[in-house]
Amino acid sequence: MGALQKVLVVDDGRRAVDRALSAELAELGYASVTASLEAADDVLAMMPRPAAVLLHVPPRDAGGAFRMLSERLREQMRGAGVPVIEVDAAGHQTGAPIDLQSRIGTRVLNEPEF
C-alpha cells in the first residue's frame, strides 16, 4: 500500500467530537497529526513534508496567534507547495476537508498498492 499523505492539524487543545478534523481527514484518506499552537513548529521540524497544514482557529484567537502562525507558515511552505488552510469554528465541518481535498487533489486515494 502506498504511504498515506500526512496533514498537520494545529488547534487550541480542545478536541470535542464535533470539532475533530482528524476524523474528517481520515474519511478522505489522510493521516493526520494534531498539535497545539505551541508545539506546531517542533512537530513540523520532525515531520516529513506534510500534504497540508490546517490551523483550526478558535473563536477567540487571543492576540491573533493563529493568524500570525498562518501567515508565517504560508511564507515558509510556499516554496514546497504545501497549502496552509485556516479553518474556523463556524465553517469547519463542510468547508475544510472539501477545500483540502480540492487543493491537494485525490492522489492519496489513487495511489497504487504494492
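Residues numbered from 1 in each chain as written. Predicted model: local features only at pLDDT ≥ 70, side-chain atom pairs only at ≥ 80, totals over all residues. Heavy atoms only, no water.

Strands in a sheet are paired, the pairing made by backbone hydrogen bonds, and the direction either parallel or antiparallel. Strand order in this open sheet of four strands is β2-β1-β3-β4, and the pairing throughout is parallel. With partners counted over all chains shown, the strands left at the sheet margins are β2 (31-36) and β4 (84-88), one partner each. Ignoring strand direction, the axes of neighbouring strands in this sheet form an average angle of 25 degrees. As judged from the four bridges shared by strand β1 (residues 6-11) and strand β3 (residues 52-57), these two strands associate in the parallel manner. Looking at the pairing, Leu8 lines up with Val53 of β3. (Pairing = 2+ DSSP bridges. Helix = DSSP H or I, 4+ residues; strand = E, 2+ residues; numbered from the N terminus. Axes fitted to C-alpha atoms, helices over the stretch in contact; angles between N-to-C directions.)

In the structure shown here, the tally under the stated rule is four salt bridges. When the shortest N-O distance is used, the salt bridge between Arg72 and Asp41 registers 2.9 Å. Placement of the pair is Arg72 in helix α3 (residues 65-77) and Asp41 in helix α2 (residues 40-46), with a sequence separation of 31 residues. Two residues, Glu86 and Arg74, come together in a salt bridge whose shortest N-O distance is 3.5 Å. Separated by twelve residues along the polypeptide, Glu86 in strand β4 and Arg74 in helix α3 bring together distant segments of the chain. Residue Arg74 is classed as partly exposed on the basis of its relative accessible area, which comes to 33%. Three or more residues are tied together by salt bridges with common partners; here these are Arg67, Arg74 and Glu86. (Salt bridge = Lys/Arg side-chain N within 4 Å of Asp/Glu carboxyl O. Buried < 20%, exposed > 50% of the residue type's maximum accessible area, 1.4 Å probe, protein only.)

To continue, consider the confidence of the model for the chain. Confidence in the prediction for the chain averages 76 pLDDT; 69% of positions are at 70 or higher. Mean pLDDT values over the elements of the chain span from 42, in helix α5 (residues 107-110), up to 93, in α2. Considering only residues more than four positions removed or in separate chains, one finds that residues 91-96, a stretch of pLDDT under 50, has 13 contacts. In the predicted structure, residues 106-114 sits below a pLDDT of 50 and forms 16 contacts with residues beyond four places in sequence or in another chain. (pLDDT = per-residue confidence, 0-100. Contact = heavy atoms within 4.5 Å.)

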